[in-house]
Amino acid sequence: MNQLVWIFISAMVINNFTLYYFLGLCPFFGVSGRIDTAFRLGLANLFVLLITSTCAWVLNTFVLPHAPYLQLISFIVVIASTVQFVEMVIKKLSPALFRALGIFLPLITTNCAILGLALFQTNRAYSFVEGIFFAVGAGAGLTLALVLMAGLRVEAELSDIPAAVKGTAMNLIIAGILSMAFMGFAGLFSST
Amino acid sequence: MAKDSSQAYAEFAKGLWKENPVFVQVLGMCPMLAVTNSAINALAMGGATMFVLLGSSLLISLLRNVIPKQVRISTYIIVIATFVTLADFTLKAFAPALHKELGAFISLIVVNCLILGRQEAFASRNTVGMALADAMGMSAGFLFALFCLGSAREIVGNGSFFGFPLFGPNYEPWVIMVLPPGGFIMLGLILLLFGAIKQARAKRPSETARKAA
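Let me begin by describing the structure that accompanies this report.

Here the focus is the packing of helix H3 (residues 35–63) of chain A against helix H8 (residues 128–157) of chain A. Residue and element names in this part refer to chain A. Two numbers describe how H3 lies on H8: the axes approach to 8 Å, and their chain directions differ by 160 degrees. Of the possible angle classes, the one that applies to H3 and H8 is roughly antiparallel. Every pair of crossing elements has a handedness; the one defined by H3 and H8 is right-handed. Of the residues that constitute the contact of H3 with H8, the class distribution is 19 nonpolar, eight polar and no charged.

Here we take up the packing of aromatic side chains. Centre distance and the angle of the planes are the two values used to describe a pair of aromatic rings. Residue and element names in this part refer to chain A. With the rule as written, the count across this model stands at 16 aromatic pairs over all chains. Summarising the aromatic geometry, the rings of Phe17 and Tyr21 are spaced 6.1 Å apart at their centres and angled 90 degrees between planes, so their arrangement reads as edge-to-face. Taken as a pair, Phe17 and Tyr21 share a single burial class, namely buried. Between Tyr21 and Phe120 the ring centres are 4.7 Å apart and the planes differ by 40 degrees, which places this aromatic pair in the tilted class. With Tyr21 in the loop between helix H1 (2–14) and helix H2 (25–30) and Phe120 in helix H7 (residues 112–123), this pair connects stretches of sequence that are 99 residues apart. A relative accessible area of 14% means that Tyr21 is categorised as buried. Each member of the aromatic cluster is reached from another via a ring pair, and the members are Phe17, Tyr20, Tyr21, Phe120, Tyr126 and Phe134. Above the face of the Phe120 ring, Arg124 is positioned so that its terminal group lies 5.2 Å from the ring centre.

Counted at 1.5 Å a residue, the expected span for helix H7 (residues 128–158) of chain B with its 31 residues is 45 Å, and the 43 Å between its end C-alpha atoms agrees. Once H7(B) finishes, Gly159(B) follows within two positions and takes phi at roughly 70 degrees, a positive value.

All right, on to the pattern of salt bridges then. Residues and elements named next belong to chain B. Summed over all chains, the structure comprises three salt bridges over all chains. One salt bridge in this structure joins Arg72 and Glu120, with 3.0 Å as the shortest N-O distance. Taken together, the residues Arg72 in helix H4 (residues 72–94) and Glu120 in helix H6 (residues 113–121) connect sequence positions 48 residues apart. Judged by its relative accessible area of 27%, Arg72 is partly exposed. Since its relative accessible area comes to 23%, Glu120 is described here as partly exposed.

Reading guide: rules and limits
Residues numbered from 1 in each chain as written. Chains lettered and ligands numbered in written order. Predicted model: local features only at pLDDT ≥ 70, side-chain atom pairs only at ≥ 80, totals over all residues. Heavy atoms only, no water. Axes fitted to C-alpha atoms, helices over the stretch in contact; angles between N-to-C directions. Helix = DSSP H or I, 4+ residues; strand = E, 2+ residues; numbered from the N terminus. Parallel < 35°, antiparallel > 145°, perpendicular 65-115°, else oblique. Left-handed = near helix turned anticlockwise from the far one by under 90°. Nonpolar A, V, L, I, M, F, W, Y, C, P; charged D, E, K, R; others polar. Phe/Tyr/Trp six-rings, centres within 6.5 Å; stacked < 30°, edge-to-face > 60°. Buried < 20%, exposed > 50% of the residue type's maximum accessible area, 1.4 Å probe, protein only. Lys NZ or Arg CZ within 6 Å of the ring centre and 35° of its normal. Expected span 1.5 Å × (residues − 1). Salt bridge = Lys/Arg side-chain N within 4 Å of Asp/Glu carboxyl O.

See the structure below:
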């Protein structure tokens, strides 16, 4: 049990996917203009990460022991098609949910965070339940980082910033400071 | 023939500076920030990306008339994934220490937007020679940017260059620069420098025009 909590917290704040591993940076800088959009994108990411974790576990257990060189190709193809399939099911069953999250799904299907999760999960040999906790933690961490970044950017819109700094350079430095703040969480769990 | 080679050179040169994938287009950030904490890692990552981009551009531009339009993106991804697997296994066999340090980030070259972007925007519409020149230029620009970032972070954050100490024992390294936040901050500073240079250049002609008037 303790192990599961540790996996969750570590994926969410200590080794945050965006701010520690630099995964999923494209949406992090692209879609973090408004807080509510950022939040919905984060939730859509969480959803896809859960599907990914399940797919990766199935592949790792049943398929890849026989053909390890197919790892990357099979991850990408299976994850992309499963997400597409689930998207169609949601569209059919719950149009409201589809409107809230659906537009983001094609965007994030093969984003670095998704493939990164599958690869990390494989490298660390997580079991099915551990994988699910890892995915939820990573998704929550991405949502947290996106929302924080969107909030900071909205605030920065209103401040007086030199023209040369505005844009990507400023966003990167904001992200750097945010990442530094997240480093503080490393002291949450000590090994002693 | 002379026109062809000069056009190929132009395709090569644009990736190096004017349309540099990192400094101008800000593409492919995930692998870039994660592995550039030393010059040698940056070079390895740049080299692997170059191999993948050249290989997939070659194959895609050879097959550009065969691939059906509807499934082109999936085809590109499968081709790219094949070359990344090759690069991953080669590095694992010949440089296991480096491979361990770069970890999952070699595999993550698959989702580097730079590579897919070049296939969609260039290799699928141009002849093999042009596609190769474009891939060479873009990956050289990427390698150059990674090398700048990696060297800057290693020199400031570790006081060394390719592992050789530079400043003697009294230098207190800025450890933050080799940690993840340093990646964001250093790239931000480099982009800031580029922005300032661009602004200064844009200002100069207008000033001379004013003097003339």
